[in-house]
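The chain contents come next:
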Amino acid sequence: MAKFLIVEARFYDHLNDLLIEGAAAALDDAGHKYEVVTVPGALEIPGAIAMAAESGRYDGFIAIGVVIRGETYHFEVVSNESARGLMALSMDAIAIGNGILTVENEAQALTRAKRTEKDKGGEAAKAAIAMLALRDRFGA
């Protein structure tokens, strides 16, 4: 049994609740423990994971958030930099599942967040579990 940390950028409460529900269900189904921590926004997720990884208290991480395109360039910055930060952490053998949705509108987010549809929260948790198994296999 492993312990995971779900790091959520809580901006769209109802969407995050759906993503966390999916992630929690996948972790429960696999027999793992988890905690949830909230950060101000998607840009803060990689930093929170880096801090938590240094603590040694968690085996893997699930990033949860929703970034919906607006009228400014901010969408691209948040989408690209949060993904870049997570990728950099994964290169240090940190098991991470990326469940940060980057969408054009709320309808797309709902489709991706609902467990009965795309279940991206569940998929992110399953990716983190798979990466943890791979890390263990390679002894990293």
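To be clear, the structure that these remarks concern was listed above.
These notes cover the structure that comes with them.

## Observations regarding the sheet that holds strand E1 (residues 3–9)
Next up, step 1: Read from one edge of the open sheet, four strands run E2-E1-E3-E4, paired in parallel fashion. The outermost strands of the open sheet, each flanked by one partner alone, are strand E2 (33–39) and strand E4 (96–103). Recorded for the sheet is a direction-independent mean angle of 15° between the axes of neighbouring strands.
Next up, step 2: Pairing geometry for E1 and E2, over seven bridges, is parallel. What sits directly across from isoleucine 6, in E2, is valine 36.
Next up, step 3: Those strands touched by helix H1 (residues 13–29) are E1, E2, strand E3 (60–68) and E4, and its axis lies near 155° from that of E3.
Next up, step 4: Along the sheet, helix H5 (residues 120–138) contacts E1, E3 and E4; its crossing angle with E4, the most-contacted strand, is approximately 150°.

## Describing unusual backbone geometry
Next up, step 1: Unlike most non-glycine residues, alanine 93 shows phi in positive territory, near 65°.
Next up, step 2: Backbone geometry places aspartate 119, a non-glycine residue, at a positive phi of 50°.
Next up, step 3: Checked against the element boundaries, aspartate 119 lands in the loop between helix H4 (106–113) and H5.

Parameters and conventions
In this convention, every chain numbers its residues from 1, walking through the sequence in written order. Where totals are concerned, whole chains, interfaces and linings use all residues; where local detail is concerned, this predicted model gives features only for residues with pLDDT of at least 70, and gives and counts side-chain atom pairs only at 80 or more. Only hydrogens and water are set aside; all other atoms, that is, all heavy atoms of the structure, feed into the side-chain values. Only when DSSP finds a minimum of two bridges between them are two strands counted as paired. Helix and strand assignments come from DSSP, with helices taken as H or I runs of at least 4 residues and strands as E runs of at least 2, each series counted from the N terminus. Here, axes are lines fitted to C-alpha atoms. For helices the fit covers the stretch in contact, and angles between N-to-C directions go from 0 to 180 degrees. Only heavy atoms enter the contact rule, under which two residues are in contact if any of them lie within 4.5 Å.

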